Amino acid sequence: MDPVVEVVALFLGFLGWVMVGITIPNRYWKVSTVDGNVITTSTIYENLWMSCATDSTGVHNCREFPSLLALSGYVQASRALMIASVVMGAFGIVATMIGMQCCRVGGENLTMKGRLAGTGGAFFLLQGLCTMISVSWYAFNITQVFFDPLYPGTKYELGEALYIGWCSAILAICGGSCLLCASHLPYPYRNTNGTVYSLGAQSQRKTGSTYDKNAYV
């Protein structure tokens, strides 16, 4: 595996993980729409944990959701998926850092390091999928209500947190895919003299040397 690919993939996964941490506490998952309203005296915005309102004077009031079981099913599922995304990302960062060739932790076994890096890529991929499913599911419910002409309640639009979540998912998926694809490439082989060969070059060298001995016989 190319060390540059490892570093780039780790950077993408770590950046996606940080953006997940920004997305979860962000209050603007959905914002009340002003479409069709001539006079707007207050704006309502929500995330997975609380609902807030601000009036024309700029005063903000927030309250946490009083009951978990009273929430909609997609909100509960989004909570679980986002928490799972944070956990998967943390595992991915640790596994990838240990599996990197420049890291001394884990010994000099390059095959084992390659497997650890591939495992880290799988964790990053799961992180991105969890985030993507959570954010997309939440956005789907917002748009479904928005375009329902018979819905009598407050309609909402997509908030900035959803876009951050989508960017986070794309970065994590790209980083995980790079690690998974690169983990199948042959690692360099270091002999006792310190010369580095790839596994393919090593096998060709052995085949060539055997052929030369047979030729002399």
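Residues numbered from 1 in each chain as written. Predicted model: local features only at pLDDT ≥ 70, side-chain atom pairs only at ≥ 80, totals over all residues. Heavy atoms only, no water.

An unreviewed UniProt entry annotates the chain as Claudin originating from Paramormyrops kingsleyae. The record in UniProt for the chain states the following under Function (unreviewed entry): "Claudins function as major constituents of the tight junction complexes that regulate the permeability of epithelia." Listed in UniProt under the heading Sequence similarities (unreviewed entry), the comment for the chain reads: "Belongs to the claudin family." (UniProt positions renumbered as here; feature names shortened; annotations may be inferred.)

Engineer: Requested: an account of the pattern of salt bridges, with residues and values cited.
Structural biologist: For the structure shown, the criterion picks out one salt bridge. Note that K30 is salt-bridged to E46, the shortest N-O span being 3.5 Å. One end of the pair, K30, is in strand β1 (residues 30-32); the other, E46, is in strand β2 (residues 42-46), and 16 residues separate them in sequence. The class of K30 is buried, set by a relative accessible area of 10%. (Salt bridge = Lys/Arg side-chain N within 4 Å of Asp/Glu carboxyl O. Helix = DSSP H or I, 4+ residues; strand = E, 2+ residues; numbered from the N terminus. Buried < 20%, exposed > 50% of the residue type's maximum accessible area, 1.4 Å probe, protein only.)

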